[in-house]
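The chain contents come next:
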Amino acid sequence: MLVVMDQKATTEQVEAVSAAIEARGFKARPIPGGERVAIGVLHNDGPVDSSLFLGLPGVRDVIPVTKPYKLVSREFQPEDTTLQVGDVAIGNGHMTLIAGPCAIESKTQALTIARHIQKAGAHLFRGGAFKPRTSPYSFQGLGEEGLKILAEVRETTGMPVVTEVMDNEHFDLVEEYADVIQIGTRNMQNYSLLRRAGQAGKPVLLKRGMSATVDEWLMAAEYIIEGGNSQVILCERGVRTFVRHSRNTLDLSAIPVIRRESHLPVIVDPSHAAGRREQVIPLSRAAVAVGAHGLMVEVHHAPDEALSDGAQSLHPQQFEKLCRQVRSIVNACRPGPVELIDA
Ligand code: PEP
Ligand code: MN
């Protein structure tokens, strides 16, 4: 349930309504908005009697919330969320490009790729230091050494860095180095990790679980926001299907659904969806046209020698081409991708 306050409601009235909500055993979450202050009622097991709050001073309306997710929903917050990572904005009206290798392999590798992708137009650098690998015999990432290399990339290029946290044990360490903390597909429903991410002071890039519904994905984001961290970016990266022509199936239909249901920014990772380099540019074009707020793409200067996901990593010239094509699509959709979606 959402208690919507009058535009002219005083701080005291908002506090009094919050206190009335908490006195009933629920949790009150004031949500300041552009035009109104609303107070979310959380932790209720079933429907709440709206008459409990309707008559209180300053209350304009009480709206039942029909969806299981609340804080991530447009019902709770109609305006789009735009996040700021250093100088880079992520959200409506922006096209944020994140690129880099699957895994950080060495300082030379990371810096070489970072220079290429920055020149092409990328805003953020990605690279895994802790890698979730299907096989225990595969390269597992450089760990803290990889994080230190990421810090050097940031220092040298000025680009903020995105890297994955795999477990609670390493959360503090990853949070110290990362500008954006990634939670991978395999951990989307790792609830203790989501709770820890809720306490983080940095934006969290939450990838969709490989067999998660949109509702389950949004509920995972709800954990992070409910825990106190409202800086969440969603990332569609393909779901597991029966097809063999790609590693996963990029669920582009999820993008307009997310944009309708949620105020959170949503980006697309075409690389892990495709698994094959030749599909990455076409899928990127489609993702931008369908309304994604950004892309996260794997790029390697020598993909044949990459220690992970070489087959899906773009050559730097291919990433340059991708950026050019994306810019054309963004321009065609001006003043913002949302114009195209709503058409
Ligand atoms: C990654 O982005 O490096 C990664 C492992 O992706 P995913 O969690 O989507 O498989
Ligand atoms: Mn990868």
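Cut-offs and rules
Residues numbered from 1 in each chain as written. Chains lettered and ligands numbered in written order. Predicted model: local features only at pLDDT ≥ 70, side-chain atom pairs only at ≥ 80, totals over all residues. Heavy atoms only, no water. Buried < 20%, exposed > 50% of the residue type's maximum accessible area, 1.4 Å probe, protein only. Helix = DSSP H or I, 4+ residues; strand = E, 2+ residues; numbered from the N terminus. Pairing = 2+ DSSP bridges. Right-handed = clockwise from strand over helix to strand, strands pointing away. Near = heavy atom within 4 Å. Polar contact = N/O pair within 3.5 Å; in protein donor to acceptor, adjacent residues only side chain to side chain. Areas by Shrake-Rupley, 256 points an atom, 1.4 Å probe, with all protein chains shown as cover. 1 Å grid on protein atoms, 1.4 Å probe; cavity = no way out; pocket = protein on both sides within 12 Å on 5 of 7 lines; lining within 4 Å. Sits in = over half its atoms within 2 Å of the grid points. Nonpolar A, V, L, I, M, F, W, Y, C, P; charged D, E, K, R; others polar. Domains from an automatic or database assignment. Arc of directions from axis to C-beta. Contact = heavy atoms within 4.5 Å. Donors = N, O, S within 2.8 Å, 3.2 Å for Na, K, Ca; no water. Points joined across faces, edges and corners; volume = space filled by probe spheres on them.

**Brief notes about the pairing of strand β12 (residues 232–236)**
Item 1. Across the 5 residues that make up β12, a large majority, 5, are buried.
Item 2. Residues V232, L234 and E236 of β12 are buried on one face, and the alternating residues I233 and C235, pointing to the opposite face, are buried as well.
Item 3. Here 4 bridges tie strand β11 (residues 204–207) to β12, and the two strands are oriented parallel to one another. Within β12, the position partnered with K207 by the bridge is C235.
Item 4. Assessed by its sense of winding, the connection that carries the chain from β11 through helix α7 (residues 214–226) to β12 is right-handed.
Item 5. Across 3 bridges, the pairing between β12 and strand β13 (residues 266–268) is parallel. Among the inter-strand pairings, L234 is bridged to a residue of β13, identified as V266.

**Some points on the site of ligand 1**
Item 1. Taken together, R126, K131, P132, E164, Q182, G184, T185, R186, K207, R237 and H272 are the residues near ligand 1.
Item 2. Within the side chain of R126, one N or O atom sits 2.8 Å away from an oxygen atom of ligand 1.
Item 3. Contacts to ligand 1 include R186, whose side-chain N or O atom sits 3.0 Å from an oxygen atom.
Item 4. Protein chains bury 97% of the 290 Å² of accessible surface belonging to ligand 1 in isolation.
Item 5. The site holding ligand 1 turns out to be the largest pocket.
Item 6. Residue classes in the shell around ligand 1 are distributed as 1 nonpolar, 4 polar and 6 charged.

**Points about the domain arrangement of the chain**
Item 1. Each assigned domain of the chain is listed with its residue range as follows: domain 1 (2–63) and domain 2 (83–333).
Item 2. When each unit is reduced to the centre of its C-alpha atoms, the spacing between domain 1 and domain 2 is 37 Å.

**Observations concerning helix α10 (residues 280–290)**
Every α-helical turn comprises 3.6 residues, leaving residues that sit three or four positions apart pointing alike.
Item 1. For α10, the complete set of buried residues consists of V280, I281, S284, A287 and V288. An end-on view of α10 places all buried positions within 120 degrees of arc, on one side of the element.
Item 2. Check the buried side of α10 and you find it contacts β13, α9 (270–274), β14 (294–298) and α11 (316–332).
Item 3. Of the residues one or two after α10, G291 is the one with positive phi, at around 115 degrees.

**Considerations on the coordination of the manganese ion (ligand 2)**
Item 1. For the manganese ion (ligand 2), every protein donor is listed as C102 (SG), H272 (NE2), E298 (OE) and D309 (OD), and the spread of their distances is 2.0 to 2.4 Å.
Item 2. In the primary structure, the donors to the manganese ion (ligand 2) are separated according to the pattern C-x169-H-x25-E-x10-D. Taken together, the residues span a long stretch of sequence, with H272 in helix α9 and D309 in the loop between β14 and α11 at a distance of 37 residues. By the burial criterion, H272 is buried, and D309 matches it.

**A few points about empty space enclosed by the protein**
Item 1. Scanning all chains against the criterion turns up 1 cavity of 30 Å³ or more.
Item 2. Taken as a whole, the largest cavity encloses approximately 40 Å³ of empty space.
Item 3. Every residue lining the largest cavity is listed: I31, P32, G33, R36, V37, A38, F76, Q77, P78 and E79.
Item 4. Listed by contribution, the elements that provide at least two residues to the lining of the largest cavity are β2 (27–32) and β3 (37–42).
Item 5. Classifying every residue of the lining of the largest cavity by side-chain character gives 6 nonpolar, 2 polar and 2 charged.

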